Amino acid sequence: MKTIPIRLRHIMLGLFSSLALLWPLLFGTGGTTATLEQVFAFAAFAMSYDLLIGYTGIISFGHAMFFGTGAYVVAIALARGNGHTMSFLFGFGLAVVGAVVLSLLVAFISLRIRNAYFAMITLAVGQVFAVMAGSQGLRQWTHGNDGLTFSVPNWLNGDLTLYYLCLFFLFLTAVFLTRFVASPVGQVLRGIRENESRAVGLGLGVVQFKTLAFVVSGVTATLAGGVYALAQSFVSTGVYDVSGISLNVLLMVVIGGVGTLYGGVLGAAVLVGVQNLFSNWSGWPILTQHEMLWFGILYILIVRFLPQGILGSVVARGGVVSWRALPRFKKSQT
Amino acid sequence: MENLLEVDSLATDIGQFHILTGVSFTVPEQQITVLLGRNGAGKTTTLRTMMGYLPPRSGQVRLRGESLQSVPTWQIVRKGVGYVPEDANIFANLSVAENLSLSLPGRHHRNSSNLALTQVQEQFPDLREHWQKPAGVLSGGQRQMLAIACVLVGGPAVMLIDEPSKGLSPLFVERLGDVLLTLQGSTTILLVEQNFYLASRVGQQYVLMDDGKTVAAGPMHELLAALDLQQRYLGIRILSEEMNIP
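Q: When you look at the overall build of chain B in this model, what are you seeing that I'm missing?
A: Secondary structure summary: chain B contains eleven helices and ten strands in total. For a compact globule of 246 residues, the expected C-alpha radius of gyration is about 18 Å, and chain B comes in at 18 Å, within 12% of that figure. Projected onto its principal axes, the C-alpha positions of chain B cover 60 × 45 × 35 Å. Summarising the internal contacts of chain B: among those between residues at least 6 apart in sequence, 66% fall at separations of at least 24.

Below you can see the structure in the form of structure tokens.
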């Protein structure tokens, strides 16, 4: 388990916070702030996922079910409530309740079984939600595959307000999850991740602790989905997509550094940033038309040269990464 | 002397193999009972069955008369049965202090936790030097000390310790014996041990196993006098016979 040294953490937080706070004032609102809003929502989502994979050792391929549910519940509440503040509050409140119920249900069904089967069950449940969101039966609520456009409360209409709301949400998520993983519960989760059998042998209720982690992660991911929907003022079945959301969040955490918590922020910035770069770039069709191919190559390079992710590798080397320190392919001896 | 643990006609299968076919013994309170036997006799399987890691085919394990049948492992621990397994008995990536605090039942109460950790530092001075280091950097002997300390801070009614001397140098076996001797009279221990020297040094009671069942039990001094039992079930050869000394 990699622990970010406190000094490095403070420097990173200071730099990131200052840059994020000043960005719209220095560079204005518009395209970049819209991208950053996505980054903040995905960063919170990635941090919630790292709580599972990095701190508890649970691999879920269906984390999009929480993200998507948060996005849809907030979107439907705002669409039905004509963008009223009460519908905003009701939407987020309902999303939290829904996330708790959903995560308890999935945990009850699947957390007692082995990790590989757990991952398969989360994948299946995630797919059920994706199908439901696009189904004709729920079309009056979700608008099926057309997606749902909605208006946000008046006080959120300015670009700047929305930007700072997303940033504030990421800040709150970071503070909460940092405190959570540093708490005695977080310590138990790290123990479970490392040696589940021994944790049981010390009298720790592993299923109960895993369930708690799953609920906390699920609620955070749901809120992140709600914030993402706010930033877009639109939601479609894409928020439940396995490759677009569930696998992307896994990539974000792996690229940033599993078990570092803040690595997810870096991973989200890299992935969302590069995705936006590709989609806005008209030149070099070989790059823009085969986006996933390049992500695949990036993933292979990260796994090969920075197996602990970007931030994880920085931490592992005491805050300094030099080119010489990177692992190389061994030359053949023959 | 009251019996804290009772194992009654325990039988356990692993897959299609009958590993335990009839294990019965008692563990008296505040004594060290040593479970002895050759490799493959079923000692570790007995401990794992008692802890609920393996479901028994038949038989009973009782703690203060209460059956532990179908009780999940973590609840058996909460009822007061501490377990130090043979391998993988620490969290290598957590610090020594974190390993210990995970085992504290009242870890949310800072004062009681600090008191328990201070006692561990006094009892295991080797660990004090490595307090904030990852447990993975400890030597084999220090790891065993940590594993025992982790269970000890939980305040168990009885400790089940599986071959703590395995792979340790004679010096560490000696130190381990010293630690176990400090627990003699205050803690109830069921110790699985291959090292007969250590077993006879710390044990007050013995249980002898062979081929998945118990074959003898009683006070340790009786086993020390029963050379035929030692030879038949533990493979300890009598030096005088080996060397043809009349």
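Q: So what exactly am I meant to see when it comes to the overall build of chain A here?
A: Each helix and strand in chain A was counted, giving 15 helices and two strands. Counting every position in chain A, which comprises 334 residues, the buried fraction comes to 44%. A separation threshold of at least 6 residues defines the contact pool for chain A, and within that pool the share at least 24 residues apart is 77%.

Q: Sorry if this is basic, but what is going on with the interface of chain B and chain A here?
A: Contacts between chain B and chain A engage 21 residues on the former and 16 residues on the latter. Put simply, the parts of the chain that give the side of chain B that touches chain A at least two residues each are helix H2 (73-78) and helix H3 (96-103) of chain B. Per-class residue counts for the side of chain B that touches chain A are eleven nonpolar, seven polar and three charged.

Q: Can you walk me through the packing of helix H6 (residues 140-153) of chain B against helix H7 (residues 170-183) of chain B in this structure?
A: If you want to describe how two helices pack, look at the angle between their axes and the distance between the axes. Residue and element names in this part refer to chain B. With their axes 10 Å apart at the nearest point, H6 and H7 run at an angle of 15° to one another. Between H6 and H7, the angle is such that the two are roughly parallel. H7 is crossed by H6, and the crossing has right-handed handedness. Seen from H6, the contacting residues are Gly141, Gln144, Met145 and Ile148; seen from H7, they are Phe172, Arg175, Leu176 and Val179. Across the contact of H6 with H7, the residue classes break down as five nonpolar, two polar and one charged.

Q: Would you mind going over the confidence of the model for chain B with me for this structure?
A: Keep in mind that low pLDDT regions are not for reading the predicted coordinates in detail. For chain B, mean pLDDT is 87; residues scoring 70 or higher make up 91% of the total. Taken over the whole predicted complex, pTM reads 0.83, whereas the ipTM for its chain interfaces reads 0.83.

Q: When you look at the environment of Thr122(A) in this model, what are you seeing that I'm missing?
A: Assignment of secondary structure puts Thr122(A) in helix H5 (residues 115-134). A sequence separation of twelve residues divides Thr122(A) from Ser110(A), and the C-alpha atoms of the two residues are 8.1 Å apart.

Q: For this particular structure, what's the right way to read helix H3 (residues 64-80) of chain A?
A: Helical periodicity: at 3.6 residues per turn, an α-helix aligns residues three or four positions apart in one direction. Residue and element names in this part refer to chain A. Between the first and last C-alpha of H3 there are 23 Å, a value that for 17 residues agrees with the 24 Å anticipated at 1.5 Å per step. Counting buried positions along H3 yields 15 of 17 residues, so the element is predominantly enclosed. With its phi angle positive at about 50°, Asn82 sits one or two positions after the end of H3.

Q: How should I be thinking about the environment of Ala216(B) in this particular structure?
A: Residue and element names in this part refer to chain B. Along the polypeptide, Ala216 turns up in strand S10 (residues 213-219). In this structure, the C-alpha to C-alpha distance between Ala216 and Leu229, residues 13 residues apart in sequence, is 8.5 Å. Once residues within four sequence positions are removed from consideration, Ala216 is found in contact with Leu208 and Leu229.

Q: For this particular structure, what's the right way to read unusual backbone geometry?
A: Glycine aside, the phi torsion of most residues is negative, and most peptide linkages are trans. Positive phi values are uncommon outside glycine, yet Ser233(A) reaches one of about 55°. Within the fold, Ser233(A) resides in the loop between helix H10 (206-232) and strand S2 (234-235). Of note, the phi angle at Glu163(B) is positive, near 40°, even though the residue is not glycine. Along the chain, Glu163(B) turns up in the loop between strand S7 (158-162) and H7.

Q: Please explain the pairing of strand S6 (residues 81-84) of chain B as it appears in this structure.
A: Note on strand geometry: in a regular strand, side chains alternate between the two faces of the sheet. All names here are of chain B. In S6, alternate side chains face the same way, and those of Val81 and Tyr83 on one face and Gly82 and Val84 on the other are all buried. Sheet topology places S6 next to S7; four bridges connect them, and they run parallel. Considered in S7, the bridge of Val84 is made with Ile161.

Q: Help me out: how do you make sense of the packing of helix H4 (residues 85-110) of chain A against H10(A) in this one?
A: Residue and element names in this part refer to chain A. With their axes 8 Å apart at the nearest point, H4 and H10 run at an angle of 145° to one another. Note that H4 runs across H10; the crossing there is right-handed. Note on element contacts: H10 touches H4 through Thr211, Phe214, Val215, Gly218, Val219, Thr222, Leu223 and Gly226, opposite Gly91, Phe92, Ala95, Val96, Ala99, Val100, Leu102, Ser103, Leu104 and Ala107. Partitioning the contact of H4 with H10 into residue classes produces twelve nonpolar, six polar and no charged.

Q: Where do I start with the environment of Leu68(B) in this structure?
A: All names here are of chain B. Inspection of the secondary structure assignment puts Leu68 in the loop between strand S5 (66-67) and H2. The sequence separation of Leu68 and Met50 amounts to 18 residues, and the corresponding C-alpha distance is 8.0 Å. When neighbours within four sequence positions are excluded, Leu68 is seen to be in contact with Gly52, Val61, Arg62, Leu63 and Ile76.

Q: Mind showing me how you'd approach the confidence of the model for chain A here?
A: Confidence in the prediction of chain A, expressed as mean pLDDT, is 85, and 89% of residues score 70 or more. Across residues 320-334 of chain A, confidence stays below pLDDT 50; counting only partners more than four residues off in sequence or on other chains, it has five contacts.

Rules used throughout
Residues numbered from 1 in each chain as written. Chains lettered and ligands numbered in written order. Predicted model: local features only at pLDDT ≥ 70, side-chain atom pairs only at ≥ 80, totals over all residues. Helix = DSSP H or I, 4+ residues; strand = E, 2+ residues; numbered from the N terminus. Rg over C-alpha atoms; globule rule 2.2 N^0.38 Å. Contact = placed C-beta atoms within 7 Å. Buried ≥ 20, exposed ≤ 12 C-beta atoms within 10 Å, placed from the backbone. Nonpolar A, V, L, I, M, F, W, Y, C, P; charged D, E, K, R; others polar. Axes fitted to C-alpha atoms, helices over the stretch in contact; angles between N-to-C directions. Parallel < 35°, antiparallel > 145°, perpendicular 65-115°, else oblique. Left-handed = near helix turned anticlockwise from the far one by under 90°. pLDDT = per-residue confidence, 0-100. Expected span 1.5 Å × (residues − 1). Pairing = 2+ DSSP bridges.

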